[in-house]
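Architecture at a glance
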Amino acid sequence: MLVPAWRTIALVAIMAATAPVNVAHASFKYYSYDGIADHLHKLETRYPSLAKVNSAQKSYNLPSQGKCGTNNCQQWYIRITHGATLSGPDNLSSRPEVFLSGELHGNERVGPTATVETARIMLMAADCVERGAKA
């Protein structure tokens, strides 16, 4: 079932607005490079019909910009779409797109974490809609 984008956005907004949050007991931790990669791959595993993780280096044959630990750095990205409704790779170009970037100025730690969390919330909401569950 293909869901209009406005329905998914509305559902995400409702979920965020009604989610019980106890700030006094909430814990928060910035994701490291490895943590970001791990979270994105876990999202792909949990939502295989909705999420696909790739790196810019592999997808576009780009060089790494340095070392991240002992390995070459990868610029990870996640594409969120309802894969079952795609009839072929060219079909992606006809879908509306939103690009979220979490690392515009290098050493800013909040951007990547906020972007990963936004992807997580979007996938949770889309999964609810896909399964017909109430948010």
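One structure accompanies this document, and this report is about it. Keep in mind that this is a model prediction, so the values were computed, not measured.

1. Observations regarding a nonpolar patch on the surface
On the surface, a cluster of nonpolar side chains totalling about 290 Å² of accessible area is made up of Val98, Leu100 and Met122. Following the sequence through the fold, Val98 ends up in the loop between β4 (76-80) and α4 (110-131).

2. Some words on the nonpolar core
In terms of nonpolar packing, the biggest core is built from 12 residues, these being Tyr31, Ile36, Leu40, Leu43, Tyr47, Leu50, Ala51, Val53, Val116, Ala119, Leu123 and Ala126. For this core, the secondary-structure elements that each account for two or more residues are α2 (33-46), β1 (51-55) and α4. Per-element accounting of this core gives the leading share, 4 residues, to α4. Apart from the residues within four sequence positions on either side, Leu123 is in contact with Leu43, Tyr47, Leu50, Ala51, Ile78 and Ile80.

3. Considerations on the side chain of Glu44
Note that Glu44 resides in helix α2. The residues touching Glu44, leaving out its near neighbours within four places in the chain, are Ala51, Lys52 and Val53.

4. Considerations on the packing of α2 against α4
Remark: α2 packs on α4, axes separated minimally by 11 Å, with the N-to-C direction vectors making an angle of 10°. With respect to α4, the element α2 is oriented roughly parallel. Residue-level inspection shows Ile36, His39, Leu40 and Leu43 of α2 in contact with α4, the latter providing Pro112, Val116, Ala119, Arg120 and Leu123. Across the contact of α2 with α4, the residue classes tally to 7 nonpolar, 1 polar and 1 charged.

5. Some details on the environment of Arg79
Mapped onto the fold, Arg79 is located in strand β4. Taking the C-alpha atoms as reference, Arg79 lies 9.5 Å from Phe99; in sequence the two are 20 residues apart.

6. Section: α2
Given 3.6 residues per turn, any residue in an α-helix points the same way as the ones three and four places further on. With 14 residues, α2 extends 20 Å between its outermost C-alpha atoms, agreeing within 8% with the 20 Å of an ideal straight helix rising 1.5 Å per residue. Those residues of α2 that fall on the buried side of the exposure criterion are Gly35, Ile36, Ala37, Leu40, Leu43 and Glu44. Those residues of α2 that are buried are in contact with β1, β4 and α4.

Cut-off values and rules
- Residues numbered from 1 in each chain as written.
- Predicted model: local features only at pLDDT ≥ 70, side-chain atom pairs only at ≥ 80, totals over all residues.
- Heavy atoms only, no water.
- Patch = residues over 30% accessible without salt bridge, like charges linked within 9 Å, V, L, I, M, F, W, Y side chains within 5 Å.
- Areas by Shrake-Rupley, 256 points an atom, 1.4 Å probe, with all protein chains shown as cover.
- Salt bridge = Lys/Arg side-chain N within 4 Å of Asp/Glu carboxyl O.
- Helix = DSSP H or I, 4+ residues; strand = E, 2+ residues; numbered from the N terminus.
- Core = buried A, V, L, I, M, F, W, Y, C linked by side-chain atoms within 4.5 Å.
- Buried < 20%, exposed > 50% of the residue type's maximum accessible area, 1.4 Å probe, protein only.
- Contact = heavy atoms within 4.5 Å.
- Axes fitted to C-alpha atoms, helices over the stretch in contact; angles between N-to-C directions.
- Parallel < 35°, antiparallel > 145°, perpendicular 65-115°, else oblique.
- Nonpolar A, V, L, I, M, F, W, Y, C, P; charged D, E, K, R; others polar.
- Expected span 1.5 Å × (residues − 1).

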